[in-house]
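Fold and geometry: a report
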Amino acid sequence: MKILSIESSCDETAAAVVEDGRKVLSSVIASQVSEHIIYGGVVPEIASRMHAQAISGVVSKAMSDASVTYSDLDAIAVTYAPGLIGALLVGVNFAKGLSYSTGLPLVPVHHLRSHIAANYITSPDLKPPFLCLVVSGGHSHIVAVNDYTDFKIIGRTKDDAAGECMDKAARAMGLPYPGGVNLDKISVDGNPDAYKLPHPHVDGCEYDFSFSGLKTAVVNVIHNAKQKGIEINVPDLGAACIETVADCLVKNTVKAAEEYGFDKIALAGGVSANSRLRKRMNDICAEKGWQLYMPDLSLCGDNAAMVGAQGYYEFKNGNIAGLELNAYATMPIDEINR
Ligand code: KG4
Ligand code: ZN
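Here is what the cut-offs are and how they apply
Residues numbered from 1 in each chain as written. Chains lettered and ligands numbered in written order. Predicted model: local features only at pLDDT ≥ 70, side-chain atom pairs only at ≥ 80, totals over all residues. Heavy atoms only, no water. Core = buried A, V, L, I, M, F, W, Y, C linked by side-chain atoms within 4.5 Å. Buried < 20%, exposed > 50% of the residue type's maximum accessible area, 1.4 Å probe, protein only. Helix = DSSP H or I, 4+ residues; strand = E, 2+ residues; numbered from the N terminus. Contact = heavy atoms within 4.5 Å. Donors = N, O, S within 2.8 Å, 3.2 Å for Na, K, Ca; no water. pLDDT = per-residue confidence, 0-100. Disulfide = S-S within 2.5 Å. Axes fitted to C-alpha atoms, helices over the stretch in contact; angles between N-to-C directions. Parallel < 35°, antiparallel > 145°, perpendicular 65-115°, else oblique. Nonpolar A, V, L, I, M, F, W, Y, C, P; charged D, E, K, R; others polar. Near = heavy atom within 4 Å. Polar contact = N/O pair within 3.5 Å; in protein donor to acceptor, adjacent residues only side chain to side chain. Areas by Shrake-Rupley, 256 points an atom, 1.4 Å probe, with all protein chains shown as cover.

**Brief notes about the nonpolar core**
Core analysis: the largest hydrophobic core is formed by 48 residues, its most contacted members being L133, M173, F211, L249 and L277. Among the elements of the structure, β6 (130-135), β7 (140-147), α5 (162-172), α7 (212-228), α8 (234-260), β9 (264-268) and α9 (275-288) are those that each provide at least two residues to this core. A per-element tally of this core places α8 first, with 13 residues. Ignoring anything within four residues of it in the chain, the contact list for L277 reads L133, V135, A246, L249, V250, L267, V271 and S272. One finds A14, Y120, V134 and Y312 within the second-largest nonpolar core, a separate group that totals 36 residues.

**Describing the coordination of the zinc ion (ligand 2)**
Coordination angles at a metal have ideal targets, namely 109.5 degrees for four tetrahedral donors and 90 or 180 degrees for six octahedral donors. The protein atoms donating to the zinc ion (ligand 2) are H111 (NE2), H115 (NE2) and D302 (OD), with metal-donor distances spanning 2.0 to 2.1 Å. When the donors of the zinc ion (ligand 2) are listed by position in the chain, the intervening gaps give H-x3-H-x186-D. Pair noted here: H111 and H115 are both in helix α4 (residues 111-122), with a separation of four residues, about one helical turn. Side by side, H111 and H115 carry an identical accessibility label, which is buried.

**Section: the confidence of the model for the protein chain**
Looking at the protein chain as a whole, its pLDDT mean stands at 97, while 99% of the residues score no less than 70. Confidence, expressed as mean pLDDT per element, reaches its minimum in the protein chain at helix α1 (residues 33-36) with 93 and its maximum at strand β1 (residues 2-7) with 99.

**Brief notes about the state of the cysteines**
Scanning all chains against the criterion turns up zero disulfides. Its sulfur unpaired, C132 is 11 Å from the next cysteine sulfur, which belongs to C300. Summary of cysteine pairing: C205 is not part of a disulfide, and the nearest cysteine sulfur, belonging to C248, is at 14 Å.

**Structural notes on the packing of α4 against helix α10 (residues 305-316)**
As a packed pair, α4 and α10 sit with axes 7 Å apart at the nearest point and diverge in direction by 95°. Considered as vectors, α4 and α10 are oriented roughly perpendicular to each other. Residues H111, R113, S114, H115, A117, A118, Y120 and I121 of α4 pack against A305, M306, V307, A309, Q310, Y313 and E314 of α10. Of the residues that constitute the contact of α4 with α10, the class distribution is nine nonpolar, four polar and two charged.

**Some points on the site of ligand 1**
Taken together, 18 residues surround ligand 1, and among them H115, G137, D167, D184 and G270 come closest. Between G180 and ligand 1, the recorded distance is 3.2 Å, taken from a backbone N or O atom to an oxygen atom. Contacts to ligand 1 include D302, whose side-chain N or O atom sits 3.4 Å from an oxygen atom. In isolation ligand 1 exposes 550 Å². Once the protein is present, 85% of that is buried. Going through the elements one at a time, α4, α5 and α6 (179-186) are the ones with two or more residues in the shell around ligand 1. Here the shell around ligand 1 is composed, by residue class, of four nonpolar, eleven polar and three charged.

Encoded structure:
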């Protein structure tokens, strides 16, 4: 079964053709990073406009790279939630137009579900149930993936997402957008013990996260140093910040896996590209004898191949939308709501 998939939830316009949820026949990504870099973050209005300009060419390229025509396809999958509403609407409306003109079924895909499904592409042997740590710019969830379309949130952030915390910390250190990636690169050889940062935890909610206090602590370290005329060591402060985030993410995931009896753990979302997080997770899973699944680095960030992977399982489960399909800025991963 071949699915054309479309993703436009944030600052990447992407399209892919995926076979049977696992085999990527083509994957095209038009990144907007160079447009947003001067603002230090994604400007939603610019993102929508850039998606509208790029989408037609990106979809055409995905089709020609896969050497398919619309008559070779079985469905069109599209990210419909959560994300920037104006950005999502571009992909949803384009997919609706294609569905109407070709008669192909329209499959709505939840963005975080598709991040999890990136693992199905990288690891063809991976099947639910497993426990997944989903960490992106807007979300930090520990999710029980009971089946391909059956999810239960076990833990979540009470305030900022892990990616958001690292992006803001990076910005305060003077690093360019996208902050998390640049923080990762610059702090590879940093000493995480050079700065003492608070280790946030949420009283009474052992699987939940809280990252806003950590973000503020990093900003305070920078302000205090400035007032005293002391130079900040960016690689060290970056390493301390990432290590603290990774420590919270890993500890809570391990607790959840032990409590809920999972021995298969997956990572997903943009932050799953982080080198310290990948290493920490790898080490603990090796120690516990658990199987660890991580998306290939090329599949950690936003892309449409992962939408095609999840779209296949949504389609098989009968999740098909009509032309009244809307986009939603927020939507829980364990809810289907249109
Ligand atoms: O999943 P994603 O591409 O978009 C959302 O759905 O939010 O995640 C983007 C987030 C950003 O916060 C970005 O800084 C972060 O993922 N990120 C990283 C790394 N690569 C991307 N954070 C830390 N280390 C990285 N290597
Ligand atoms: Zn994402």
